[in-house]
Amino acid sequence: MADQEYLKNVATLELDTEKCIGCGMCETVCPHSVFKMEENKAVIANKDACMECGACSKNCPVEAITVKTGVGCAAGIISGFIKGKEASCDCGGGGCCG
Amino acid sequence: MTLKYIIGQVQTKAEPIPKVSSDLRFEDKLGSFKVRWGINRDSYAVEPGLYALGSPTPDSHVLVTANYKLTFDIIRNSLKGRDVWILVLDTKGVNVWCAAGKGTFGTEELVNRIAITKLSEIVNHRKVIVPQLGATGIAAHEVLKRSGFSVVYGPVRAEDLIAFLGSNLKVTQEMRKVTFSLRERIVLIPVDFVQSMRYFFLLSVVFLLFSMFSRVGFSLSGILSVGLLSVLNLFSAFFAGIVFGPILLPILPGKSFAMKGLWSGLLMLSLFSYSDYNLINMIGWMILIPSISSYLLMNFTGASTYTSMSGVKKEMRIAIPLQLVGAVIGMVLLLISRFI
């Protein structure tokens, strides 16, 4: 979707096609249609649309998908940086956390 | 306190289950309105557990949701006329997607809640419908292994639930995709606006104090002229970042939110800003306003539905130093302009 285009070549999403059993779960759970099924295997069709939510890797029964998940939230990243912790949603602010 | 959305009980093979209304009353709507403005937002929750909507039977579907009352109300209201079970997880009053990200809307909680509510005694089937955005916290294959219930991922939006239930649990491509429409962006503005106001007031106080000093020395009347104009300019910077930016998001140039915020600040500057026709003063505002609006819109990444952590980190590495330098230079120029 053109009006939802974010930075390119940053997503940490990786798919191990060897492990993939073609169950299609990743395609089902992805909110940005990153995956497509081709010949009974998942393929990453639109990596730049990935927001690293982690739904695909969480629901992959054979652990074929890896992605470094985290909040895509500047306030969360800043507060994580200040507290010396990994970025989290617990910033108490922003529209995201309620 | 009596909970007015509970309108009775439904008898089951286990315990009686509270029956909820699908109608939203005035106090539900008022509650929704208030949390949108950040009032009572941290304690707007319903009791976790199983609820009946309409007159569900042991064969009726089970829909899983969060215990944020705003979410719960949208679900029951959008299922008017249907007979379903609603399984509310304890997400500490946070919506499904964010709670899934935190892990409170998760495999553990779902498996436990299925056990606590004795769901397997209440329904004949072994299937729960989980909103797709809950998938970030729930591993369907784990839930099946641990509870015997299979997870069916439903649509992203509650408004598609009726169509989903009516089509034998088929989810179309459209129902799977997250959007970020004008309407979806606008409802997020009030909370951000309210929360940003404390910083606006803080900065305003600083500017009002500075406005009393100038080349002619100390003067209280500076507050009324320069001071008030400064506050108006500051407000336009905040308005650009918090209101303008989210509304114009797709059409603002650039991909990063910081860049879009810069442009919304420049746009605001061209529409609405005051300067006392001193060139240095004018340049000061021209640098300060976009710096502030860029920072504020960069923070809207948290509310957006499509930014990744890697992306946000990348833009922050470039944007934050520039925003800081811009803010400092802008303020120094404004200060200088008062003394020449």
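Here goes a summary of the coordinates provided. (Residues numbered from 1 in each chain as written. Chains lettered and ligands numbered in written order. Predicted model: local features only at pLDDT ≥ 70, side-chain atom pairs only at ≥ 80, totals over all residues. Heavy atoms only, no water.)

### Regarding the overall build of chain A
At step 1: Looking only at helices and strands, chain A features three helices and four strands.
At step 2: If you list the helices and strands of chain A from N to C, you get β-α-β-β-α-β-α.
At step 3: Counting every position in chain A, which comprises 98 residues, the buried fraction comes to 50%.
At step 4: Summing over all exposed atoms, chain A offers an accessible surface of approximately 4,800 Å²; the carbon and sulfur share of this is 50%. (Helix = DSSP H or I, 4+ residues; strand = E, 2+ residues; numbered from the N terminus. Buried < 20%, exposed > 50% of the residue type's maximum accessible area, 1.4 Å probe, protein only. Areas by Shrake-Rupley, 256 points an atom, 1.4 Å probe, with all protein chains shown as cover.)

### A closer look at the interface of chain A and chain B
At step 1: Contacts between chain A and chain B engage 47 residues on the former and 51 residues on the latter.
At step 2: Roughly 4,100 Å² of surface becomes buried between chain A and chain B when both sides are summed, with 58% attributable to carbon and sulfur atoms.
At step 3: For the interface between chain A and chain B, the tally reads one salt bridge.
At step 4: A salt bridge links E5(A) to K255(B); its shortest N-O distance comes to 3.3 Å.
At step 5: In this structure, the connection of chain A to chain B is made through 18 residue pairs in polar contact (both at pLDDT 80 or more). (Contact = heavy atoms within 4.5 Å. Buried area = accessible area lost by both parts, 1.4 Å probe. Salt bridge = Lys/Arg side-chain N within 4 Å of Asp/Glu carboxyl O. Polar contact = N/O pair within 3.5 Å; in protein donor to acceptor, adjacent residues only side chain to side chain.)

### Focus on unusual backbone geometry
All names here are of chain B.
At step 1: Not every positive phi belongs to a glycine, and N40 is a case in point at roughly 65 degrees.
At step 2: In this fold, N40 is placed in the loop between helix 1 (26-36) and strand 3 (49-53).
At step 3: The class for N40 is partly exposed, based on a relative accessible area of 40%.
At step 4: Located in the positive-phi region is L169, a residue other than glycine, with phi close to 60 degrees.
At step 5: For L169, the location among the structural elements is in the loop between helix 7 (161-166) and helix 8 (173-176).
At step 6: Given the relative accessible area of 15%, L169 is considered buried.

### Details of the environment of V243(B)
Residue and element names in this part refer to chain B.
At step 1: One can find V243 in helix 11 (residues 226-248).
At step 2: Here V243 falls in the buried class, since its relative accessible area comes to 13%.
At step 3: The sequence separation of V243 and L188 amounts to 55 residues, and the corresponding C-alpha distance is 9.5 Å.
At step 4: Leave out the neighbours within four places in its chain, and V243 touches I189, F193 and F238.

### Regarding the pattern of salt bridges
Residue and element names in this part refer to chain B.
At step 1: Under the definition given, this model contains 16 salt bridges over all chains.
At step 2: R146 is the salt-bridge partner of E108, the closest N and O atoms lying 3.3 Å from each other. Placement of the pair is E108 in helix 4 (residues 107-116) and R146 in helix 6 (residues 140-147), with a sequence separation of 38 residues.
At step 3: Within the structure, one salt-bridge network assembled from shared partners comprises D28, K69, D73 and R76.

### Focus: helix 1 of chain B
All names here are of chain B.
At step 1: Those residues of helix 1 that sit buried are D28, G31, S32 and V35. Axial view of helix 1: buried residues confined to an arc of 100 degrees, hence all on one face. Opposite its buried face, helix 1 presents the exposed residues F26, K29 and F33, each directed more than 90 degrees away.
At step 2: Of the residues flanking the end of helix 1, it is G38, one or two places downstream, whose phi is positive at about 80 degrees. (Arc of directions from axis to C-beta.)

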